[in-house]
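# Structure assessment
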Amino acid sequence: MTLETHTLTLHGRRIRLHEHLPATGARDEAVVLLHGIAGSAETWAPVLARCGALGKRVLAPDLPGHGESEAPRADYGLGALASTVRDVLAVSGVRHATVAGHSLGGGVALQFAYQFPEMCDRLVLVAGAGLGPEVSPVLRATALPGARAVVACAVNRGTLAIARAAARLGRRLGGSLKTETRELARHFGSLADPARRRAFFSIARSLIDLRGQRATALEKLYLAEDVPVLLVWGARDPLIPAAHGRRAAELLPNSRLTVRENMKHFPHVADPDGFCLLLHEFVTTTEPARLTLDDVVARLTAGP
């Protein structure tokens, strides 16, 4: 497979896209990797480096307001983000996709399956958002008045420079941060950019209040009963508890749930080899959903 990086222009705005192309295989089918809030496609770098065995196109976009994509003053709700994913697929010639999402990306993946069921072959939810109200107090605190100003003071170019100097000193003294800790630090470090900080709070406040996540897909999961679903969680996830994955698995009897012991919020980063094995097995042993509008109407009519 070859790795390419593109800058797409959608509706006059830049979207950065990382893509692995297989030597052979259908170009109108793909696996799409969606990152979490304050993240970027870089979180999938360990997976992208190992995804050749899938034998499929693999697309990893930077969602609007993240990574190298443009961060306009715009709608950052789940519906708008899911529509962006549809547009990325459409201009890339992809008609059917296995949609994998981490954290916020999981919520976007669920919304994508709801809005564009005819394009969603499978779902892979990695510590996915939108499956229950319980979230970390840190995330709930984003709803507090003045939270944006506090983050601007705590995460900026000056504090990042101090943190990097401390990390370099720690490495010289023989210390090292765990993989997931480094990944979390990189996510929070992105908030030093004012435009990305604005996008972060737009997203957080559209989904979370002081009591937790407002946005939930639980009452609509019955619509995905015919869609193969893989749920992957870290047993020690401090941000979105593994209980959300277990609850979703109970509502989706044909889904597969894997809870990784001694892992937290980034199981795909902590053990990319293990994650790629799970993803490969899931994609190669399940049939794509290929729903039609008639299928959706029948499911809506029957109800949960």
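Everything that follows concerns the structure shown earlier in this document.
Remember, predicted model here, so these are calculated numbers, not experimental data.

### Some points on the pairing of strand β1 (residues 2–10)
- The pairing of β1 with strand β2 (residues 13–21) spans 9 bridges and is classified as antiparallel. Its bridge partner being in β2, Glu4 is matched across the sheet by Glu19.
- Two successive antiparallel strands, β1 and β2, enclose a turn made up of 2 residues, where His11 displays a positive phi of approximately 55°.

### Re the pattern of salt bridges
- This model, assessed by the stated rule, comprises 14 salt bridges.
- Here Arg196 makes a salt bridge to Asp193, at a shortest N to O gap of 3.3 Å.
- Judged by its relative accessible area of 30%, Asp193 falls in the partly exposed class.
- Here Lys220 makes a salt bridge to Glu219, at a shortest N to O gap of 3.4 Å.
- Accessibility expressed as a relative area gives 44% for Glu219, which makes it partly exposed.
- By sharing partners, the salt bridges in this structure join Glu29, Lys56, Asp121 and Arg290 into a single network.

### What to know about the sheet that holds strand β10 (residues 256–260)
- Strand order in this open sheet of 8 strands is β1-β2-β4-β3-β5-β6-β9-β10, and the pairing throughout is mixed. Edge positions in the open sheet fall to β1 and β10, since each of these has one partner strand only. Sheet twist, expressed as the mean angle between neighbouring strand axes with direction ignored, is 20°.
- Here 4 bridges tie β2 to strand β4 (residues 57–61), and the two strands are oriented antiparallel to one another. Within the sheet, the bridge partner assigned to His20 lies in β4 and is Val58.

### Observations regarding unusual backbone geometry
- At His11, a position not held by glycine, the phi torsion is positive, near 55°.
- Looking at the secondary structure, you find His11 in the loop between β1 and β2.
- Of note, Ala38 is a non-glycine position whose phi angle comes to about 70°, a positive value.
- Inspection of the secondary structure assignment puts Ala38 in the loop between β3 (29–34) and α1 (45–48).

### Some details on the packing of helix α5 (residues 147–154) against helix α8 (residues 194–207)
- Where α5 meets α8, the closest approach of the two axes is 11 Å, and the angle between their N-to-C directions is 145°. Taken as a pair, α5 and α8 cross one another with a handedness that is right-handed. Here Ala147, Arg148, Val151 and Ala152 of α5 come into contact with α8, specifically with Arg197, Arg198, Phe201 and Arg205.

Definitions and limits used
As a convention, each chain's residues are numbered from 1 in the sequence order in which they are written. Since the coordinates come from a predicted model, pLDDT governs what is reported: local features require at least 70, and pairs of side-chain atoms require 80 or more to be given and counted, while whole-chain, interface and lining totals use all residues. Heavy atoms throughout the structure, all of them, feed into the side-chain values; hydrogens and water do not. Strands qualify as paired when DSSP identifies two bridges or more between them. Helix and strand labels come from DSSP, where a helix needs a run of H or I of at least four residues and a strand needs a run of E of at least two; each type is numbered from the N terminus. Whenever a carboxyl oxygen of Asp or Glu lies within 4 Å of a side-chain nitrogen of Lys or Arg, that contact is scored as a salt bridge. Residue burial is assigned from relative accessible area. The probe radius is 1.4 Å, only protein chains are included, and a residue is buried under 20% of its type maximum, exposed over 50%, and partly exposed in between. Lines are fitted to the C-alpha atoms to define the axes, a helix being fitted only along its stretch in contact, and any angle between axes, read from their N-to-C directions, falls within 0 to 180 degrees. Two helices crossing with the near one rotated counterclockwise from the far one by less than a right angle form a left-handed crossing, whereas a clockwise rotation gives a right-handed crossing. The contact criterion used is simple: two residues touch if any of their non-hydrogen atoms lie within 4.5 Å.

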